[in-house]
Amino acid sequence: MTQDSYLVGLIGSGIGPSLSPALHEREAGRQGLRYLYRLIDVDVLGAGPEAVGDLVRAARDLGFDGLNITHPCKQLVIEHLDALSPQAEALGAVNTVVFADGRAVGHNTDVTGFAASFARGLPDAPLERVVQLGAGGAGAAVAHATLTLGAGRITVVDALAERAERLAASLNRHFGEGRAAAAGPDRLPRLLAHADGIVHATPTGMAAHPGLPLPAGLLRPGLWVAEIVYRPLETELLRTARALGCATLDGGGMAVFQAVDAFRLFTGREPDSARMLADIAELAGAVAAPK
């Protein structure tokens, strides 16, 4: 018999403003499914990110069908899973866990999510020299996506030098030597003076982590700026970049397209991405509107 009831959740830190529950539940409702999407916030629980293993085990025992995983647990969760999809294994990061036949299998839908959003939102953006801020779990995914889209060279900038170096080495193994490099934040002025665009893949700008991820003076007209934060949809980085005339991409499209892939993994059903893009525009607008 076809399953028509699902229990899923999201594990992460500071996830109260997440639109994932509404995105998934709205689409499920249109497909005639009973679908409950719960937030499992490690901050609310008073636990650290390392609690992700216990939370995954508890969710499996309680009959969850799957979980989304977000900052700061995308890499920590791996050791607690039974298997990984090839893409999740290549990335070393998981954002979707499916429970089936007593096993927990990790997937990564961030790569395809970012690639689909970028191709839709910045179709003509030059990609010869790209600077990416952030080398964490989401950073690994969007760097792979950016090179898959045809970027000539990506320079990964992270405050943790060894993390940036690990990601650059992994990218060079997958895409060929010279396609990626690592750099510290002190090199941003020189890098951005010659870059085509910036991909922002750190939590800065999220509702729980407000602010700019780089000095505003380093932005200039002619740069494109792609954001992965979508809570809020318009971050301080995007506002600043737009005021300068930069082409920009908000994080809403990535949120939708990764949710499309996760919904498919959880249910085996095909979601309607156009309806879900309309949903996030409406939901994000409602969140931003004054009470």
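Now for a description of the structure that goes with this document. (Residues numbered from 1 in each chain as written. Predicted model: local features only at pLDDT ≥ 70, side-chain atom pairs only at ≥ 80, totals over all residues. Heavy atoms only, no water.)

## Examining the overall build of the protein
Here comes step 1: When you go through the protein residue by residue, the secondary structure sums to 11 helices and 12 strands.
Here comes step 2: Taken against the 2.2 N^0.38 rule, which gives 19 Å for 291 residues, the C-alpha radius of gyration of the protein at 18 Å falls within 12% of a compact globule.
Here comes step 3: Viewed in the frame of its principal axes, the protein has a C-alpha envelope of about 60 × 45 × 35 Å.
Here comes step 4: Counted over contacts in the protein with a minimum sequence separation of 6, partners at least 24 positions apart contribute 69%.
Here comes step 5: Distance between charge centres in the protein, computed from 25 positive and 31 negative side chains, equals 3 Å. (Helix = DSSP H or I, 4+ residues; strand = E, 2+ residues; numbered from the N terminus. Rg over C-alpha atoms; globule rule 2.2 N^0.38 Å. Contact = heavy atoms within 4.5 Å. Lys, Arg positive; Asp, Glu negative; His and termini not counted. Charge placed at Lys NZ, Arg CZ, Asp CG, Glu CD.)

## Focus on the packing of aromatic side chains
Aromatic rings considered in pairs are described by the distance between their centres and by the relative angle of their planes.
Here comes step 1: Enumeration according to the criterion identifies four aromatic pairs in this entry.
Here comes step 2: Note on Y35 and F263: the rings are 5.5 Å apart at their centroids and 20 degrees apart in plane angle, and the pair reads as stacked. Here F263 lies in helix 10 (residues 252-267) and Y35 lies in strand 2 (residues 34-41), a separation of 228 residues in the sequence.
Here comes step 3: The exposure class assigned to Y35 is buried, which follows from its relative accessible area of 9%.
Here comes step 4: Ring centres 5.8 Å apart and planes at 45 degrees place the aromatic pair F114 and F118 in the tilted group. One end of the pair, F114, and the other, F118, are both in helix 5 (residues 110-121), four residues apart, so they sit about a helical turn from each other. F118 matches F114 in its accessibility class, with the two residues each being buried.
Here comes step 5: Ring pairs connect the aromatic residues Y6, Y35 and F263, which therefore count as one cluster. (Phe/Tyr/Trp six-rings, centres within 6.5 Å; stacked < 30°, edge-to-face > 60°. Buried < 20%, exposed > 50% of the residue type's maximum accessible area, 1.4 Å probe, protein only.)

## Observations concerning the layout of surface pockets
Here comes step 1: There is about 780 Å³ of room inside the largest pocket.
Here comes step 2: Lining the largest pocket are 42 residues; nearest its centre among them are H71, A138, A201, T202 and I228.
Here comes step 3: The set of elements that each furnish at least two residues to the lining of the largest pocket consists of strand 3 (66-69), helix 6 (137-148) and helix 10.
Here comes step 4: Split by residue class, the lining of the largest pocket holds 22 nonpolar, 15 polar and five charged.
Here comes step 5: Considered as a void within the structure, the second largest pocket measures approximately 160 Å³ in volume.
Here comes step 6: Lining the second largest pocket are Q75, L91, G92, A135, G136, A140, H144, R163, R166, L167 and S170.
Here comes step 7: Tallying contributions element by element places helix 7 (residues 161-175) first for the lining of the second largest pocket, with four residues. (1 Å grid on protein atoms, 1.4 Å probe; cavity = no way out; pocket = protein on both sides within 12 Å on 5 of 7 lines; lining within 4 Å. Points joined across faces, edges and corners; volume = space filled by probe spheres on them. Nonpolar A, V, L, I, M, F, W, Y, C, P; charged D, E, K, R; others polar.)

## Looking at helix 6
Here comes step 1: Counted at 1.5 Å a residue, the expected span for helix 6 with its 12 residues is 16 Å, and the 17 Å between its end C-alpha atoms agrees.
Here comes step 2: A large share of helix 6 lies buried, amounting to 11 of its 12 residues.
Here comes step 3: Among the residues making up helix 6, those that are buried are G137, A138, G139, A140, A141, V142, A143, H144, A145, T146 and L147.
Here comes step 4: Of the residues one or two after helix 6, G150 is the one with positive phi, at around 110 degrees. (Expected span 1.5 Å × (residues − 1).)

## Examining the sheet that holds strand 4 (residues 83-84)
As a general point, the strands of a sheet are linked pairwise by backbone hydrogen bonds and lie either parallel or antiparallel.
Here comes step 1: Read from one edge to the other, the open sheet built from six strands follows the order 2-1-3-5-6-4, with strand pairing classed as mixed. If you trace the sheet from one side to the other, it starts and ends with strand 2 and strand 4, each paired once.
Here comes step 2: Lying over the sheet, helix 1 (residues 20-30) contacts strand 2 and strand 3, oriented at roughly 170 degrees with respect to strand 2. (Pairing = 2+ DSSP bridges. Axes fitted to C-alpha atoms, helices over the stretch in contact; angles between N-to-C directions.)

## So, the packing of helix 6 against helix 7
Here comes step 1: Two numbers describe how helix 6 lies on helix 7: the axes approach to 11 Å, and their chain directions differ by 35 degrees. In this structure, helix 6 crosses over helix 7, and the sense of that crossing is right-handed. Together, G139, A140, A143, H144, L147 and T148 of helix 6 and L167, S170, L171, H174 and F175 of helix 7 make up the contact between the two elements.
Here comes step 2: Considered class by class, the residues forming the contact of helix 6 with helix 7 number six nonpolar, five polar and no charged. (Left-handed = near helix turned anticlockwise from the far one by under 90°.)

## Concerning the sheet that holds strand 9 (residues 180-183)
Here comes step 1: Overall, parallel pairing links the six strands, which are arranged 9-8-7-10-11-12 in an open sheet. The two strands at the open ends of the sheet, each matched to only one other strand, are strand 9 and strand 12 (247-249). Averaged over all adjacent pairs, the angle separating strand axes in this sheet is 20 degrees, with direction ignored.
Here comes step 2: Where strand 11 (residues 224-227) and strand 12 come together, three bridges link them in parallel fashion. In the strand pairing of strand 12, W224 is matched with A247.
Here comes step 3: The strands that helix 9 (residues 236-243) touches are strand 10 (197-200), strand 11 and strand 12; relative to strand 11, the one it contacts most, it runs at about 165 degrees.

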